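Given next are the chains, with one letter for each unit.
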Amino acid sequence: MSERKSGQFHADSRPRSATSLYQTILSQIFEGTLTPGTRLPTELELVGIYGVSRAIVRSALQRLKSDKLVVSRQGAGNYVAGLTHAGEYVFEKLDEADEAHVLEIRKELERTATWYAASNADQVDISRLNAIHQEFEQAANQVDVDLILLRRLDIEFHLTLARASSNPVLSDLIDMLSVSSASTWLKHRPFSPELRRRLAQSSLREHDLILKAINLRNQELASQAMHKHVQTVDERILKLADAAPTDLPKCGVDDNVSAIEPAEQEPDQHAYRDLLNGILSGAIPGGGRLPREQDLASQYKISRPAIRKVLQALKDDYLVHSRQGSAHYVTGFSTLDPPVLRIPEDTAFAAGFEVRMLLECLACEHAAIHADEGVLQKLATAQSGIAAIIRTDHVDLLNGRRADIDFHATIASCSPNPLLRGLIDFLMPSLAPNFSRWSALSFEQKTELAHSSIQDHDIIISAIRAREPSLARLAMQQHFERTTRKYRAFVWVNDCPCAVGTRPYSPETSKATSAALPLRSSSCTKLLRDKC
């Protein structure tokens, strides 16, 4: 998608204060002149447009950022909040996440992606999955398994399933997490060849069950099989880790690597082998930056084109990741760029709203375990803010939006999973209402939406206060489902956003994600009364 420029920006008046400049830009967002993803003029350009000081411009922009209406991208400027230009700060939190945090998120995302893939996968997707599975089977049955090959095939199996879901936001996040956290296969290295083969065959059987469910179009079985697979793979490794030797040699290569390399190597083969050894042994850690191409070429006494082929081979194995420019890094969280979704904004909203539901249901479950009285007080304050927006003659959308974001952000802050908190921070302002549409709603519709949110939030607070994680998850799930129905009736009406490709993805055509979640009762209030 081409970047939307700031040429749409206009000045109908000459604000003389930060407040008036803020209101001027705000009105253009409300009117739809500035649509989600639009790049704002630079600070100096705004100074020239409005004839105000740079301090006034900065103050107005900071207020817009505080309201989650504008986001900054390092070195790229300020944008109207939208998923295609969502903030990068989420990735600053990924260094705090460990494999358990990643696994928890992957279970939520991948079981739902697999649910949709069982329905949405076309013949091309299924043929691709079958081909990957057959290649995986051949590799897993070798006497001494090729772990690098198995790792690559495992990543490709999961990514193909995610893309078959037809939810581009879901698949992009799974892509990011799968590649960056796919070190599980490398943990097999200390084990004996026989044990490694048995572990590979265990994964093969789990993939086989998932694929059979996909071929049968059995969404429930596919979802359950994926959930169990993601969970048991890591648990299997953790159980065996204590019994495995940890004193890997600092030089030399893993047995299964040396078995596939000739004794006499060409210079480029030696370079690949040596870099691979450094990555596998941990000498070059995840996130570590490789030397420049010219330095590597000099080190291994080969040409620049030859070293590029070596680096490409490492990329093909998902072991090296390129960032913008010429730098190459060992794949890890700190090397990843934020996913920039090159899809229409309406599609990003529809697909992303469901991903946000998955993540916030998990966060609400965490809040029921970890929230204290201070959190409950913040939630009550946010509720009061939403109630206060309903006036006798109009509904204050901006303050309502701010209070709603505060409510959901407070719940997310209770999660001990920094990756979960970061992803919710990433998605929440980007999936806020398009004000040009909401402003066009009638007073009765706006009032109904506000009252509906207040009622749902009250139930969520009750579940958190009662320390009932399952009910808290259910309450948040029902809140999103009811909000989706309201959006469908009031906002999306004639829209039918489609994912990349030909298969439709929209609130009208997608089956409720609740089917992939453990609780599906529609009487959360009654359950809470019974419990409390």
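In this report, the structure presented in the accompanying data block is examined. Remember, it's a predicted structure, so these values are computed and weren't measured experimentally. (Residues numbered from 1 in each chain as written. Predicted model: local features only at pLDDT ≥ 70, side-chain atom pairs only at ≥ 80, totals over all residues. Heavy atoms only, no water.)

**Comments concerning the side chain of Glu-108**
Selection rule: Helix and strand labels come from DSSP, where a helix needs a run of H or I of at least four residues and a strand needs a run of E of at least two; each type is numbered from the N terminus. A 1.4 Å probe rolled over the protein chains alone gives each residue an accessible area, and that area as a share of the maximum for its type sets the label: buried under 20%, exposed over 50%, partly exposed in between. Under this definition, polar contacts are N or O atom pairs within 3.5 Å; protein pairs additionally need one hydrogen-donor-capable and one acceptor-capable atom, and for neighbouring residues in sequence, both atoms have to be side-chain atoms.
Note that Glu-108 resides in helix H4 (residues 99–120). With a relative accessible area of 6%, Glu-108 lands in the buried category. A polar side-chain atom of Glu-108 sits 3.0 Å from a polar atom in the side chain of Arg-473.

**Overview of unusual backbone geometry**
Phi is positive for Ser-166, which is not a glycine, with a value near 70°. Classification of Ser-166 by relative accessible area gives buried; the value is 6%. Notably, Arg-467 is not glycine yet its phi reads approximately 60°, a positive angle. Looking at the element boundaries, Arg-467 is found in the loop between helix H19 (443–465) and helix H20 (469–492).

**Remarks on the side chain of Ser-165**
So the rule is basically this: Contacts are assigned to residue pairs with any non-hydrogen atoms lying within 4.5 Å of each other.
As for its placement among the helices and strands, Ser-165 is situated in the loop between helix H6 (147–164) and helix H7 (168–180). Here Ser-165 falls in the buried class, since its relative accessible area comes to 0%. The contacts of Ser-165, once residues within four sequence positions are left out, are Ala-113, Tyr-116, Ala-117, Asn-120 and Leu-170.

**Some points on the nonpolar core**
Let me state the cut-off plainly: As used in this record, nonpolar core signifies buried Ala, Val, Leu, Ile, Met, Phe, Trp, Tyr and Cys residues forming a set joined through side-chain atoms within 4.5 Å.
In terms of nonpolar packing, the biggest core is built from 27 residues, with Leu-150, Leu-161, Ile-210 and Ile-214 touching the most fellow members. Those elements that provide at least two residues to this core are H4, helix H5 (123–140), H6, helix H8 (193–215) and helix H9 (219–241). Excluding its chain neighbours within four sequence positions, the residues that come into contact with Leu-161 are Ala-113, Thr-114, Ala-117, Leu-129, Ile-210, Ile-214 and Met-226. Counting 26 residues, the second-largest nonpolar core is a separate cluster that includes Leu-177, Leu-423, Leu-427 and Met-428.

Such coordinate-based values are descriptive only and should not be taken to indicate function.
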